[in-house]
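# Secondary and tertiary structure notes
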Amino acid sequence: MAKRKEENFSPPKNAKRPRQEELEDFDKDGDEDECTASFTNGTSTLTAAEVGIIESIRLKNFMCHSMLGPFKFGSNVNFVVGNNGSGKSAVLTALIVGLGGRAVATNRGSSLKGFVKDGQKSADISITLRNRGDDAFKANVYGNSIIVQQHISMDGSRSYKLKSETGAVVSTRKEELIAILDHFNIQVDNPVSVLTQEMSKQFLQSKNEGDKYKFFMKATQLEQMKEDYSYIMETKERTKEQINQGEERLTELKRQCLEKEERFQSIAGLSTMKATLENLKHEMAWAVVNEIEKQLNAIRDNIKIGEDRAARLDRKMEEQQVRLSEAEQKYKDIQDKLEKISEETNARAPECMALKADAVAKKRDYNEAEVLYNRSLNEYKALKKDDEQLCKRIEELKKSTDQSLEPERLERQKKISWLKERVKALQNQENSLNQEIEQFQQAIEKDREEHGKIKREELDLKHTLSYNQRQLKELKDSKTDRLKRFGPNVPALLEAIDDAYRQGRFTYKPVGPLGACIHLRDPELALAIESCLKGLLQAYCCHNHADERVLQALMKKFYLPGTSRPQIIVSEFRNEIYDVRHRAAYHPEFPTVLTALEIDNAVVANSLIDMRGIETVLLIKNNSVARAVMQSQKPPKNCREAFTADGDQVFPGRYYSSEYTRPKFLSRDVDSEISDLEHEVENKMAQILNLQQHLSALEKDIKRNEELLKRCQLHYKELKMKIRKNISEIRELENIEEHQSVDIATLEDEAQENKSKMKMVEKHMEQQKENMERLRSLKIEAENKYDAIKLKINQLSELADPLKDELNLADSEVDNQKRGKRHYEEKQKEHLDTLNKKKRELDMKEKELEEKMSQARQICPERIEVEKSASTLDKEINRLRQQIQAEHASHGDREEIMRQYQEARETYLDLDNKVRTLKKFIKLLGEIMTHRFKTYQQFRRCLTLRCKLYFDNLLSQRAYCGKMNFDHKNETLSISYAWPTRNTKDHLQMREKWSQMETWNCRRNREERKRFSLEKEIKLPSMI
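## Regarding the overall build of the protein chain
Check the secondary structure of the protein chain and you find 18 helices and 16 strands. Here the protein chain holds 1024 residues, and the buried ones make up 37% of them. The long-range fraction of contacts in the protein chain, counting pairs at least 24 apart against all pairs at least 6 apart in sequence, stands at 77%. Approximately 62,900 Å² of the protein chain is accessible, and the part contributed by carbon and sulfur atoms is 49%.

This is the structure in C-alpha cells:
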C-alpha cells in the first residue's frame, strides 16, 4: 500500500513514485519501439522511502479487540504473523477503514457500526503516515508525520482528526484526508494495493469476464483516469451553465447601462421630454376612447352572438317540443293498440269458451255414435257367422246317418264346462293385470312430470350459477382494479381514451364510467341506487357529437359486434352543477338519490339529473314505509318515485319488485361480497348435484316401470288371445248337435229368422253410419272453429308482448324528452339573463364613451389616431414624469450621473470580456479533452499490451501456453491456458521479446510522466 520503491530501473533515491495514471503511453501511430532492458540478476535493492509509509497503527474497541497496538512497521516489506484471532485481519481492516475506505470494501460487514466491539459505544483507529523529503504534503503544517485518527460511533457514523507530528489538530474534513491519500498515491480500494482474502478468492474463483476487466481497470488506475475525465467534463458543463448565467447577467447590465446612458442624455432633452409628455397625454385621452369603442364593439359582437344562440335555443326548443309531441303521440298510439288488442282478446274469450264446449260435446256425441256403430257391426258379424254355421249344420244333418253320438255329446258338454271355467279364470287374471297396467302408467306419468319439473329447476339453477360465477370473477378482478367491475374491457378502453385525448382527438376528455365517478354516503342504499340508475352506471359522457363518434370508434375495438356497449350521453360540459332546488323532491327523513351521492364532477351530476332525474327520486330503506309514503298518502312535492333498500321501485299507484338481491357496482365491502357469492355458488352447486341425483333416480324408476309395463302389456295380449280362443271353442262345441236329435225344419226356421235379423241389423247399421259421418263432420267443423279462434287469440297475445316493450321504451322516451325540454328551458332562461345583462352593460359603456369623448375633446379638440394601448401610454407617461422629476431633482448633479454611467459601462465591458475569455477557454478545454481521451485510449492499449506480454512471459517461464483477450467495448477480459510440450526455441524467442518490451517501457516511462500531468492541474477560472 505504501510507496515501496523497487530499484529495477535504478531511479534516483527519495524520488516520489509517479501516479499510475502518469505511467504508460505510446506513439500516436501505435508502433512499438524496440529497446533493451538491463536486469540485476532477478534481484532488486530496497531503500527506505520518505513519504506515504505507514509507520504505526493503534486500535481501540475495534472488532473483537479492546486494545491492539500500537504496531510499528518497517520502511520496506512487513510480514504480520500470529494465531487465529490474534488480530491480523483486524489490522488490515483497520487500515482500509481508517484511511477512508467503505465497510463493504473490507468484506467484513456492510456497515461501520459492525466494527464496534460488542458492549462498547464507539471504536477508535489511529494511523501514522511518514511525511518527509521533497514530496512531503504541507511539511510546514504537518511536519515529518501525519496522524490520521478516526472515531466510529454505534450508529455507524464516523469522524476524522488529522493531526501534525506534534499532535495538533490540523483538519477534521474528509476532503483533506482524500488530498493526502491522493498526494501519497495510497488507494485503499485498489486490489493491487490492498488485496483481501475475499477479494483474492473472488478473483481466483470468478468466471465472469466482466469482473476480471473491472479488476484490471482498478489495478492499472485506468478507472480513476476515466472518472477524472468524467469529472472534468462535468465541470466543463457547469462552466457552460455559468457562461449562460453570465450572458443573462450581461443582458441585465446592458439594460442598466442603456438606462444610465438614457438618463445622462435626458439632462439635455428635458424640454423635449415635457413636449413628449403633453403629446402622450393627448394620445392617452383618445387611446381611452379607442379602448372603450373596442369594448363596445366586443360587447355588440357578444350580444349578436348571444342573440344568434338564443335563436338556436329557440329552434332547439321547438325541435324538442316536436320530439316530445312525437314521443307522446307514439306512446298514445302504442297504448291505443294495446287497448284495442286487449278489448279484442276479451271479446273473443267467451266465444272461445263456447266453441271449446261445443267441440267437446260434438266429439263426445261422435264417440258415442261410433261405439253404437261398432256394436251393430259386431252384432252383424256374429249373426252372419251363426247363419254360416246353421247352413253348414243343416247340410251335415241332411247327409248324416243314424249313428249313436251320445258319448260324444257328453264329452263335448264336459269340455264346454271346463272351457267356461278356464275363461272365467283368464278374465279374472285380465282384470287384475289391467289394474297393474293402469298403476304402472300412472307411476310413469307422475315420474315424468316430476322429472320435467326438476329438469327445469336444474336449468334455472345452472343459469343462476353461471351468472354468480361471472359476477364472482368480476368481483375478484375488481379487488386489484375497481374499474373491472364495470366490464373486463373498461381499463383498456380508458387507456385508449387517455391516448386519444393526448393526441388531441377529443375536444374534452370523455367522462366515465359514471359509476366509477360517484360515491355513496350510506352503503346500505347501494342496491337501491343501482336499481334506480341501472345502465347509466356504465355510461360515458361526451361534450359533443364529434367526441361521441371518436368514442364509438374506440369502443368497437373492445366490444364485439352483437354485444351490448355502454351508453354514450352527449351533453355540453359545464363546471357547475344544475340548480335544482326549485324542482327537487324533499322529505325531512329520506334523502333523494342526488343528496345520497358524493359527486365531485359536475358533468356526472348534470348527466344523471338530465337522464334519470335523480333529484326527484327518494330513497326509503323500509318497504312498508315506502308504500305508506308513496301510496297511503299524498307523495312529497316533486317526487315521482321511490326505491327501497331491497331495490324495489315504488310509484304512487304501482309497486315493482327488484330482480337483484345484491349490488354489482357500488358495493364497498368486496371481500364480504366475494365470501357471500362463494357460499351461494357452493350452495347452488350442491343443489344442482342433489337435483342430478334425484333425476338419475327418477330415470331409473321410469325405465324399470316401463319394462314392467311392457311385460304386463305382453301378458295382457296373451291372455286376450287365450280368452278369445277358448270362447271360440265353446261356441263351436255348443253349435255341434247330434244328427239324430236335430230337427232340420227347426234349424231352417232358425236360419230364416237369423237372416231377417241380419237385414234389420244391417239397415240399422247403415243409419248409424250415416249419423256417425254427420257427427264426425260436425266435430271437425267445431274443432276447426275453436282452433281458429284460439290461434287468433294467441296471435293477439304475441302482438301484445312487443307492444308492451315498445310502450315501456316510449314511456322512457317521453320522460327523456321532458327532461330535455326542461334542460333547454333552463339554458334559455340563463342565456336570456346573460344577454339582458350584456345589453345593460352596453348602455352603460355608451354613456361612458360619450363622457370620455367629451373629456378628450377638452384635452385635444382634434381626434388623433393612436396605435398604442392606454396601459402602454400610461406606463410611458409615468416613466416620463419620473424622469422629469428625477431630472429636476438631480439637475445640478451632472457629475454623479456621468460617474454612474461610466461605472455601469465599465462593469458591462469587464463582464463581457470575462465571458468571452471563458468561451475561448471552454473551446480550448474541449480540444484538450478530445486529445486527452485519445491519449487515454492509447495508454489503455499500451497497458493491455504490457499485461499480455507479462502474462505470456510468465507462462513461458513455466512451460505453459495461454491467451489473454481484452474487449474494451463490452468491458470483458478472458484468460485461457494449456500445458503444451516445452519448446526451447519458442521459449527463447519469448524471453527476447520480453527483454525488448521492458527496455521500451523504460524509455517510454519518462515521456509519459509529462503527458498525464494535466488531470488534476487544470484550474477552471471562477465566474464573477
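## A short note on the sheet that holds strand β4 (residues 145-153)
For sheets, the rule is that strands pair by backbone hydrogen bonds, running either parallel or antiparallel. Taken together, the 6 strands give an open sheet; going across it, the order is β2-β1-β3-β4-β5-β6, and neighbouring strands pair in antiparallel fashion. At either end of the open sheet lies a strand with only one pairing partner, and these are β2 (65-72) and β6 (169-171). Direction aside, the axes of adjacent strands within the sheet are offset by 25° on average. Across 6 bridges, the pairing between β4 and strand β5 (residues 158-163) is antiparallel.

## Topic: the nonpolar core
One finds I518, I529, L533 and L608 to be the most contacted residues of the largest nonpolar core, which totals 51 residues. In terms of residue count, helix α9 (residues 490-502) provides more of this core than any other element does, 6 residues in total. Counting 35 residues, the second-largest nonpolar core is a separate cluster that includes V51, A90, A123 and L177.

## Observations concerning the sheet that holds strand β14 (residues 655-656)
Strand order in the open sheet formed by 4 strands is β11-β12-β13-β14, with mixed pairing between adjacent strands. With one partner strand each, in any of the chains shown, β11 (617-619) and β14 form the two edges of the open sheet. Of the strand pairs in this sheet, strand β13 (residues 649-650) and β14 are connected by 2 bridges, and their pairing is antiparallel. Looking at the pairing, Q649 lines up with Y656 of β14.

## Details of the pairing of strand β15 (residues 961-967)
Across 7 bridges, β15 lies against strand β16 (residues 972-978) in antiparallel orientation. Each residue of the ladder has a partner; that of N965, found in β16, is S974. Between the antiparallel neighbours β15 and β16 lie 4 residues, among them E971 with a positive phi of about 60°.

## As for the packing of α9 against helix α11 (residues 545-558)
As a packed pair, α9 and α11 sit with axes 10 Å apart at the nearest point and diverge in direction by 145°. When the axes of α9 and α11 are compared, the crossing they make is right-handed. For the pair formed by α9 and α11, the contact residues are A492, L493, A496, I497 and A500 on the first element and L551, L554, M555 and F558 on the second. In the contact of α9 with α11, the residues fall into 9 nonpolar, no polar and no charged.

## Focus: the pairing of strand β1 (residues 51-62)
Moving residue by residue along a regular strand, the side chains alternate between the two faces of the sheet. Among the 12 residues in β1, 10 count as buried, and that is most of the element. Relative to strand β3 (residues 122-131), β1 runs antiparallel, the two being bridged by 7 bridges. Paired with I57 across the bridge in β3 is I127. Between the end of β1 and the start of β2, which pair antiparallel, lie 2 residues, with M63 showing a positive phi angle near 55°.

## Focus: the confidence of the model for the protein chain
Per-residue pLDDT for the protein chain has a mean of 77; in total, 84% of the residues score no lower than 70. Considering only residues more than four positions removed or in separate chains, one finds that residues 1-47, a stretch of pLDDT under 50, has 121 contacts. Here residues 1005-1024 scores under 50 on pLDDT; set against residues more than four positions off or in separate chains, the count is 43 contacts.

## So, the packing of aromatic side chains
Within the structure shown, the criterion is met by 5 aromatic pairs. Ring geometry for F62 against F115: centres 5.6 Å apart, planes inclined by 15°, an arrangement best described as stacked. Highlighted residues: F62 in strand β1 and F115 in the loop between α1 (88-98) and β3, separated in sequence by 53 residues. Between the aromatic rings of Y508 and F573, the centroid separation amounts to 5.9 Å while the plane-to-plane angle is 45°, which identifies the pairing as tilted. Of the two residues, Y508 sits in the loop between α9 and β7 (518-520) while F573 sits in the loop between β9 (568-570) and β10 (597-599), which places them 65 residues apart along the sequence. Assessed through its relative accessible area of 43%, Y508 is described here as partly exposed. Residue class for F573 comes out buried when judged on its relative accessible area of 16%.

## Some thoughts on a nonpolar patch on the surface
Among the surface-exposed residues, V77, F79 and V81 lie close enough to one another that they form a single nonpolar patch of about 400 Å² accessible area. With respect to the element layout, V81 can be found in the loop between β2 and α1.

## Some words on α11
Between its first and last C-alpha, α11 extends 20 Å over 14 residues, near the 20 Å set by a 1.5 Å rise per residue. Where α11 is buried, its residues meet α9, β8 (540-542) and β9. For α11, the N-terminal capping position is held by N544, with its side-chain oxygen 3.3 Å away from the main-chain nitrogen of A546.

## Overview of unusual backbone geometry
Cis geometry marks the peptide bond from G512 to P513, where omega comes out at -10°. Positioned with a positive phi, N61 is a non-glycine residue whose angle comes to about 55°. Inspection of the secondary structure assignment puts N61 in strand β1.

## Quick word on a negative patch on the surface
Together, D333, D336, E339 and E343 give the surface a local cluster of negative charge. Examined against the element boundaries, E343 turns out to sit in helix α7 (residues 270-399). A relative accessible area of 56% places E343 in the exposed class.

## As for the environment of K163
Take K163: it is sitting in strand β5. Under the relative-accessibility criterion, K163 is labelled buried at 16%. It is 9.4 Å that separates the C-alpha atoms of K163 and T128, two residues lying 35 residues apart in sequence. Dropping the residues within four chain positions of it, K163 is found in contact with Y142, S145, I146, I147, Q149, A168, V169 and V170. There is a polar contact of 3.0 Å between the side chain of K163 and the side chain of Q149.

## Structural notes on the side chain of D447
Inspection of the secondary structure puts D447 in helix α8 (residues 406-480). One buried charged residue, D447, remains without a salt bridge, the closest side chain of opposite sign being K446 at 6.7 Å. Among all residues touching D447, those that are not within four sequence positions of it are L698, D701, I702 and N705.

## Digging into the pattern of salt bridges
Scanning the model with the defined rule gives 31 salt bridges in all. Salt-bridge contacts for D499 lead to R502; the nearest nitrogen and oxygen are separated by 2.2 Å. Of this pair, D499 and R502 both sit in helix α9, 3 residues apart, roughly one helical turn. Put simply, E641 and R612 hold a salt bridge, and the shortest N to O gap is 2.9 Å. Taken together, the residues E641 in strand β12 (residues 641-643) and R612 in helix α12 (residues 602-612) connect sequence positions 29 residues apart. Take E641: its relative accessible area is 2%, and that puts it in the buried class. Within this structure, E55, R130 and R132 form a network of salt bridges that share partners.

What counts as what
- Residues numbered from 1 in each chain as written.
- Predicted model: local features only at pLDDT ≥ 70, side-chain atom pairs only at ≥ 80, totals over all residues.
- Heavy atoms only, no water.
- Helix = DSSP H or I, 4+ residues; strand = E, 2+ residues; numbered from the N terminus.
- Buried < 20%, exposed > 50% of the residue type's maximum accessible area, 1.4 Å probe, protein only.
- Contact = heavy atoms within 4.5 Å.
- Areas by Shrake-Rupley, 256 points an atom, 1.4 Å probe, with all protein chains shown as cover.
- Pairing = 2+ DSSP bridges.
- Axes fitted to C-alpha atoms, helices over the stretch in contact; angles between N-to-C directions.
- Core = buried A, V, L, I, M, F, W, Y, C linked by side-chain atoms within 4.5 Å.
- Left-handed = near helix turned anticlockwise from the far one by under 90°.
- Nonpolar A, V, L, I, M, F, W, Y, C, P; charged D, E, K, R; others polar.
- pLDDT = per-residue confidence, 0-100.
- Phe/Tyr/Trp six-rings, centres within 6.5 Å; stacked < 30°, edge-to-face > 60°.
- Patch = residues over 30% accessible without salt bridge, like charges linked within 9 Å, V, L, I, M, F, W, Y side chains within 5 Å.
- Salt bridge = Lys/Arg side-chain N within 4 Å of Asp/Glu carboxyl O.
- Expected span 1.5 Å × (residues − 1).
- Polar contact = N/O pair within 3.5 Å; in protein donor to acceptor, adjacent residues only side chain to side chain.
- Lys, Arg positive; Asp, Glu negative; His and termini not counted.
- Charge placed at Lys NZ, Arg CZ, Asp CG, Glu CD.

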